[in-house]
Amino acid sequence: MSYRFRTAKSFRRALAKLTPDQKRSAAAAFKIFKQNPFDPQLRPHKIHKLSAAYGKAIHAIRIDGDLRAAFYIEGETVWSVDIGSHSIYRG
């Protein structure tokens, strides 16, 4: 499937706060992500607590170490909503 990719304001704010090394890791991961958000290299997984809270399937990918990015799919659009440590799972 061919997706369109969008970023929420919350994602852009969190991305701006990352260290330069984290931003480089995120850029590398997002090259893969844009080819396939569920690529096994990214270790995608559903975040059940956030999915229940928002009433839609929220997923996360592993970027590096404790760095994760959360996203959901709406039709043909992938919305990246947050990036950071596991604390993003708390909503």
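Criteria and thresholds
- Residues numbered from 1 in each chain as written.
- Predicted model: local features only at pLDDT ≥ 70, side-chain atom pairs only at ≥ 80, totals over all residues.
- Heavy atoms only, no water.
- Core = buried A, V, L, I, M, F, W, Y, C linked by side-chain atoms within 4.5 Å.
- Buried < 20%, exposed > 50% of the residue type's maximum accessible area, 1.4 Å probe, protein only.
- Helix = DSSP H or I, 4+ residues; strand = E, 2+ residues; numbered from the N terminus.
- Phe/Tyr/Trp six-rings, centres within 6.5 Å; stacked < 30°, edge-to-face > 60°.
- Pairing = 2+ DSSP bridges.
- Contact = heavy atoms within 4.5 Å.
- Axes fitted to C-alpha atoms, helices over the stretch in contact; angles between N-to-C directions.
- Patch = residues over 30% accessible without salt bridge, like charges linked within 9 Å, V, L, I, M, F, W, Y side chains within 5 Å.
- Areas by Shrake-Rupley, 256 points an atom, 1.4 Å probe, with all protein chains shown as cover.
- Salt bridge = Lys/Arg side-chain N within 4 Å of Asp/Glu carboxyl O.
- Lys, Arg positive; Asp, Glu negative; His and termini not counted.
- Charge placed at Lys NZ, Arg CZ, Asp CG, Glu CD.

J.: Mind showing me how you'd approach the nonpolar core here?
T.: For soluble globular proteins, nonpolar side chains are generally found buried alongside one another. The biggest cluster of nonpolar side chains holds 15 residues, and the ones touching the most others in it are F30, F33, I61, I63, A69 and I83. Elements with a contribution of two residues or more to this core: α1 (9–16), α2 (20–35), β3 (58–64), β4 (67–74) and β5 (77–84). When residues of this core are assigned to their parent elements, the largest contribution, four residues, is made by α2. Core analysis: the next-biggest nonpolar cluster, separate from the first, contains eight residues, L50, I58, A70 and I88 among them.

J.: Mind showing me how you'd approach the packing of aromatic side chains here?
T.: What describes a pair of aromatic rings is the distance from one ring centre to the other and the angle between the planes of the rings. Scanning all chains against the criterion turns up six aromatic pairs. Taken together, a centroid distance of 6.4 Å and an interplanar angle of 70 degrees make the contact between Y3 and F5 edge-to-face. Residue classification places Y3 among the partly exposed positions, given a relative accessible area of 23%. For the ring pair F11 and F30, a centre distance of 5.7 Å and an interplane angle of 75 degrees mean the geometry is edge-to-face.

J.: Looking at this structure, I do not really get the sheet that holds strand β1 (residues 4–7). What am I missing?
T.: Two modes of strand pairing occur in sheets, parallel and antiparallel, and in both the strands are linked by backbone hydrogen bonds. If you trace the five strands from one edge of the open sheet to the other, you get β1-β5-β4-β3-β2, paired in mixed fashion. In this open sheet, the two strands that pair with only one neighbour each are β1 and β2 (45–46). Sheet analysis places β1 next to β5, joined by four bridges and oriented parallel. The residue bridging F5 from the neighbouring strand is V78, located in β5. Lying on the sheet, α1 is in contact with β1, β4 and β5; it crosses β5 at an angle near 35 degrees. This element, α2, spans β1, β3, β4 and β5 of the sheet and lies at about 125 degrees to β3.

J.: Would you mind going over a positive patch on the surface with me for this structure?
T.: A cluster of basic residues, K9, R12, R13 and K17, forms a positive patch on the protein surface. Along the chain, R12 falls in helix α1. Among the residues examined, R12 registers a relative accessible area of 43% and is labelled partly exposed.

Just geometry here; none of it tells us what the structure is for.
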